[in-house]
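# Topology and contacts: notes
Chain by chain, the residues:
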Amino acid sequence: MIKIFRLTLTLLPLFSCAQISDSAQLISEVKIEAHRKPVSLIASTKSVSVAGPALLNQNPPDRLLESVNLLPGARMEERSPGSYRFAVRGSALRSPFGVRNVKIYLDDFLLTDAGGNTYLNLLDPEIISKIEVYKGPEGGEFGSVTGGTVQLSTQRASGKSVAFSGGEFQNYKGSLRLADEAGKHTYQLFTGYQSTQSYREQSALQRRIVYLTDRFQYSDKGNLGFMFFNSDLHYETPGGLTFEQKQTNRRQARPGTAVMPGALSQQAGIYNRMVLGGISHRYRITPAFSHFISVQGSYTDFRNPFITNYEQRYERNLAFRTHFNFETATSNSFFQTRVGAEGGINRSAIRNFDNEAGIPGAPQNFDDISAESGFIYLSQKAEFSDRLFMDASVSLNITRYRWEGIFPNHISAGRQLDTEVLPSLGISYLLMPGLSVRAKISKGNSAPTIEELRSSTQRFNTDLAAEYGWNRELGFRKQFGNSLFLEASLFDFRLKDAIVRRQTDGGQEYFLNAGSTVQQGLETVLETKPFQLDTQLLKSVKFWLSGSFYDFRFKDFKQNENDYSGNRLTGVPMQTVQSLVSLKLCHYIGIDWTHYYTSEIALNDSNTVVSEPSLVSNITLSFPWSTSFFKADLSFTVMNLYNSEYSLGHDINAFGSRFYNPAAKRNISAGIRFRF
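Conventions and cut-offs
- Residues numbered from 1 in each chain as written.
- Predicted model: local features only at pLDDT ≥ 70, side-chain atom pairs only at ≥ 80, totals over all residues.
- Heavy atoms only, no water.
- Helix = DSSP H or I, 4+ residues; strand = E, 2+ residues; numbered from the N terminus.
- Buried < 20%, exposed > 50% of the residue type's maximum accessible area, 1.4 Å probe, protein only.
- Contact = heavy atoms within 4.5 Å.
- Areas by Shrake-Rupley, 256 points an atom, 1.4 Å probe, with all protein chains shown as cover.
- Lys, Arg positive; Asp, Glu negative; His and termini not counted.
- Charge placed at Lys NZ, Arg CZ, Asp CG, Glu CD.
- Pairing = 2+ DSSP bridges.
- Polar contact = N/O pair within 3.5 Å; in protein donor to acceptor, adjacent residues only side chain to side chain.
- Core = buried A, V, L, I, M, F, W, Y, C linked by side-chain atoms within 4.5 Å.
- Phe/Tyr/Trp six-rings, centres within 6.5 Å; stacked < 30°, edge-to-face > 60°.
- Lys NZ or Arg CZ within 6 Å of the ring centre and 35° of its normal.
- Salt bridge = Lys/Arg side-chain N within 4 Å of Asp/Glu carboxyl O.
- pLDDT = per-residue confidence, 0-100.
- Patch = residues over 30% accessible without salt bridge, like charges linked within 9 Å, V, L, I, M, F, W, Y side chains within 5 Å.

### What to know about the overall build of the protein
Secondary structure assignment for the protein yields five helices and 38 strands. Expressed along its principal axes, the backbone C-alpha trace of the protein runs to roughly 70 × 65 × 50 Å. Relative to its 676 residues, the protein shows a buried fraction of 58%. For the protein, the proportion of contacts with a sequence separation of at least 24, taken over those separated by at least 6, is 65%. Carbon and sulfur atoms make up 58% of the accessible area of the protein, which amounts to about 27000 Å² in all. Charged side chains of the protein number 71 positive and 64 negative; the gap between the two group centres comes to 4 Å.

### Re the sheet that holds strand β8 (residues 109–110)
In space, the five strands of this open sheet follow the order β3-β9-β10-β7-β8, with mixed pairing throughout. On the outer flanks of this sheet lie β3 (48–51) and β8, each paired with one strand and no other.

### Side note on the side chain of T620
Of note, T620 is situated in strand β36 (residues 614–626). Of the residues examined, T620 reaches a relative accessible area of 6% and is grouped as buried. Excluding its chain neighbours within four sequence positions, the residues that come into contact with T620 are Q58, G590, I591, D592, S635, F636 and T637.

### Examining the environment of E327
Summarising the element assignment, E327 is placed in strand β18 (residues 310–329). We classify E327 as partly exposed; its relative accessible area is 22%. Considered as a pair, E327 and A382 are 55 residues apart in the sequence and their alpha carbons are 9.8 Å apart. In this structure, E327 is in contact with A288, F334, F335 and Q336, ignoring residues within four places of it in sequence. Only 3.2 Å separates the side chain of E327 from the side chain of N325, close enough to count as a polar contact.

### Concerning the nonpolar core
Ranked by size, the top nonpolar core spans 49 residues in total, and within it F86, L123, I131, L152 and F229 carry the most contacts. In terms of residue count, strand β15 (residues 222–236) provides more of this core than any other element does, four residues in total. When near neighbours in sequence (up to four residues on either side) are disregarded, F86 contacts V68, R75, M76, S91, G98, V99, V102, L120, V133 and V150. Within the second largest apolar cluster, 16 residues are counted, among which are F491, Y550, F554 and M574.

### A few points about the packing of aromatic side chains
Counted under the stated rule, the structure contains 21 aromatic pairs. Relative to Y550, the ring of F491 lies with its centre 5.8 Å away and its plane at 75 degrees, an arrangement referred to as edge-to-face. Of this pair, F491 sits in strand β26 (residues 484–496) while Y550 is found in strand β31 (residues 538–556), placing the two residues 59 residues apart along the sequence. Each member of the pair, F491 as well as Y550, is classed as buried. Taken together, the aromatic side chains of Y105, Y134 and F142 make up a single cluster linked through ring pairs. Over the ring of F491 we find R89, and its NZ or CZ is 3.9 Å from the ring centre. In this arrangement the basic side chain of R303 is found over the ring face of Y271, its NZ or CZ atom lying 4.8 Å from the centre.

### Comments concerning the pairing of strand β23 (residues 420–432)
In this sheet, β23 lies alongside strand β21 (residues 388–407) in antiparallel orientation, the contact comprising ten bridges. Paired with N397 across the bridge in β23 is E420. Pairing of β23 with strand β24 (residues 435–446) involves eight bridges; the strand directions are antiparallel. Each bridged residue has a counterpart across the sheet, and for M432 the counterpart in β24 is L435. The antiparallel pairing of β23 with β24 creates a hairpin that spans two residues between the two strands, and G434 there sits at a positive phi of about 90 degrees.

### With respect to the sheet that holds strand β4 (residues 74–80)
Spatial ordering of the open sheet is given by β4-β5-β6, a layout of three strands whose pairing is mixed. Strands at the two margins of the open sheet, each flanked by one partner only, are β4 and β6 (98–99). The sheet contact formed by β4 and strand β5 (residues 83–88) spans six bridges and is antiparallel. Within β5, the position partnered with S80 by the bridge is S83.

### Thoughts on the pattern of salt bridges
Under the criterion given, the structure shown has 42 salt bridges. Here K160 and D180 are joined by a salt bridge, their closest N and O atoms 3.4 Å apart. On the criterion of sequence distance, the pair formed by K160 in strand β11 (residues 159–167) and D180 in strand β12 (residues 171–182) is long-range, its members being 20 residues apart. According to the relative accessible area criterion, K160 is partly exposed, its value standing at 35%. Note that R454 is salt-bridged to D367, the shortest N-O span being 2.8 Å. Taken together, the residues R454 in the loop between α5 (450–453) and β25 (467–480) and D367 in strand β20 (residues 360–384) connect sequence positions 87 residues apart. On the basis of relative accessible area, D367 is assigned to the buried category, the value being 4%. Connected through salt bridges with shared partners, the residues E311, R313, E315, D367, E451 and R454 form a single ionic network.

### Some points on the confidence of the model for the protein
Predicted confidence across the protein gives a mean pLDDT of 90, with 94% of residues reaching 70 or more. Segment residues 1–23 is flagged for pLDDT under 50; beyond a separation of four residues in sequence, or across chains, it makes 41 contacts in the model.

### Considering the pairing of β3
Going residue by residue along β3, you find V48 and V50 tucked away on one face and S49 and A51 tucked away on the opposite face as well. Across four bridges, the pairing between β3 and strand β9 (residues 128–135) is antiparallel. The residue of β9 that forms the bridge with A51 is I131.

### A few points about the environment of V275
As for its position among the elements, V275 is in strand β16 (residues 269–286). On a C-alpha basis, the gap between V275 and N230 in space is 4.5 Å, while along the polypeptide they are 45 residues apart. In contact with V275, other than residues within four places in its own chain, are F228, F229, N230, G297, S298 and Y299.

### Focus on a nonpolar patch on the surface
Together, V210, L212, L224, F226, F228, V275 and I279 give the surface a local cluster of nonpolar side chains, amounting to about 510 Å² of exposed area. Secondary structure elements with two or more residues in the nonpolar patch: β14 (205–216), β15 and β16. Of the residues forming the nonpolar patch, the biggest block, three residues, is contributed by β15. You can see V210 is positioned in strand β14. On the accessibility criterion, V210 (31% relative accessible area) is partly exposed.

### Comments concerning the environment of T594
Mapping T594 onto the fold places it in strand β35 (residues 589–598). Since its relative accessible area comes to 0%, T594 is described here as buried. Separated by 389 residues in sequence, T594 and L205 place their C-alpha atoms 25 Å apart. Apart from residues lying up to four places away in sequence, T594 is in contact with Q58, S579, L580, V616, S617 and N618.

### Regarding unusual backbone geometry
Each neighbour pair has its own omega, and for F407 with P408 the value is 0 degrees, a cis peptide bond. As for its placement among the helices and strands, P408 is situated in the loop between β21 and β22 (411–416). In this structure, N640 takes a positive phi of about 55 degrees despite not being glycine. Positionally, N640 belongs in the loop between β37 (631–639) and β38 (667–675). For N640, a relative accessible area of 1% translates into the label buried. One non-glycine residue, N653, lies in positive phi territory at about 50 degrees. Secondary-structure assignment places N653 in the loop between β37 and β38. With relative accessibility at 12%, the residue N653 sits in the buried group.

Written as C-alpha cells, this is what we have:
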C-alpha cells in the first residue's frame, strides 16, 4: 500500500498544473429548496442537513454511503453491496433493509411509493448533485413520516463526459452523460453499468441504468418537465453471521445448518427491474400566483430467492403532486401561501414459492395487495424585515389497504387507518448578521409499509398500527465572517406505537408495535471555507466536522414476559463523529481524507448483544489531466485505510445470533472521467 502511494505521488507532477475550481461556499450559504421559495440555510426554520458537491465528490463514483454519513442525523448502511438502509434519527429500528419511515423525492417526482417502499439502490450515485435531508416529521407538503424526508437533486449543468472506474473484488463501472440545450429544451441523458464480486462470498452486484430528462420552456410563464428512469439491478445477499462464524471466516456467506440451507446453496439475492416515468408542469398565472403539478407511473419486477422461499412481486404505481402558490410582498415582509395535495396508488401481486437452489419450486402463497395513501395540506411562510422567518403548515393524511388471498386459501379484506391531522410550526430569528436561533414543533405519523403489513412470514398482520409522535427542537446557526460555520440542534422526539422488527427461527421477519420511545439528541456541524496558504506545496485546507449524540430509549415496551423499558433503542449508535479534511496541493492535486467513528450499537431489544465501536478512514487523491485532445479528472481512493474490522450494517434482533455483516478491509479503487 505504501508503494502504491509513493508511485502515485511520483506520477502526479507529470500532469499539467491547471487550476481547478473548488467549492468555496459554506453550507450556510447554500439555498434550501424543499419545494418552496429558496432560502439560505442560516435563515431556514427547518432541521436540515445538506450534502453538496464538496461532500459528494469525495466518494468513488459507485458509492453514496460515505457522503450521506458525513451528515449529522443521517445514516446509511450497507449489509452488502446493493443492500442499503437509509435512516434519519434512528428510523432503522424497523428496517431489515431498504428505506422505511423516510420519504424520498427525486427532483419533482416521488421515489417512495404509496406502500411506503423506496428503491434507493436502483439509482446511480453519479446522477445526484445535492442531497437535502429534512430530519424529523415535517407534515405540510411532505405528509406523514416520522423519520425524515430526503430531496435528491440531479445534475443540471451542461456537459459531456465518459467515465470509467475499477477496484479490488473485480469492481468495474462505466458511465456516459450528455447534457445540453437545444432551442427551448434542456435535456440530459445518463447511462451507467456497474459490476462487482464484492468482499464476501455470495455478494456480487450488477446494475444497469438509463436516466433521461427534458425541460421544455415553452413560454416565459410555463415549462414542461419529463423524466424517464429504467434500472436493472441484481445483487446477491450473503446473510448475517454469528460472532464465531465472523471470527472464523469473515468473508463467508451464511452457512447452512442441519435443518436449514445456507445463502450460497439457495442462491439468495435480489433481482429488481423498475421503469419510472413522469411529467411535471409549472405555470405562473400572474406574477404572484402559480400552479405546479406532476404525474408519474412505474412498474417493478422484483424477485427474491431467500433461504426459506422464492418471492416474486409485481408492482404498479401511480402518483401525483400538485399545489397552488400565492406570494405577496411589502417593503419589509414576504408571504407565501400554498395549498396542495399528494397521492399514490400501489398494486402488488406477491407470489411465494419453494426455493429450489435459486429456482422457483412448489407454490406456497399467492396474495394481491393494494395501498392507497395521500394528503392535502395548507402551508404559510412569512418573512419580516429579513430577520424573522416563520413556517406553519397542516396536513390531513389518509392511508388504506386492501388484500386478497389467492392461494392456498381465498380471503378478501381491507383496512383504513385513522385519518391523521399533522401540524408543524417553525420559527427562525436572525439575532445579528450571521447568527440565527430557531425553534420547531411538529407531529409525525408513519403507516406500516406493505412489506410490514404482509412480511416474509406470508401472513397479514391486521393488528399493526401506524406509529406517531411529537418532535420538539431548538437550534442555532452561526457564521463567522466568510470563514467558518457552526450549527447545533437539540431535539426531543416522543414516538408512540413504534414499529420494530422480529425474526422467526427460519430468518423470516415480522413486525409489531413496541409501545413508546424517547429519542433525545444533539446534532452538530462545523465547516470552514478553504484556508489559503502561501506555501510551495500546500495551497489550501478545508475542514468538516459533524457529530450526532443520542439518548434513544424504549420508554414502555413489554413483550410477553420481557420488559425492555429503559433499554437503548435497537440498531442506533449513541454517538457518531465524522470529519473531512480537504487539501489542495500545487493548485490542482486534491486530497480528501475522511474519518467515521461509530459507537457501540445495541443489536437486540434486550441489549444483551452490542457491536464494537469502529473507526474507519478513507482517503481520495484527485487531479485533472489536460492535453490538446481532451480534459480528464483522475482519482485514486483507499477505502478503510486503517484496515479496521467492522460491520457496515448489522441484522438487528437476528434469530440464531446472526447479527454481523462484515465489511471489506482495506481496498483500493481508481477512476478517470473524460470531459468534452
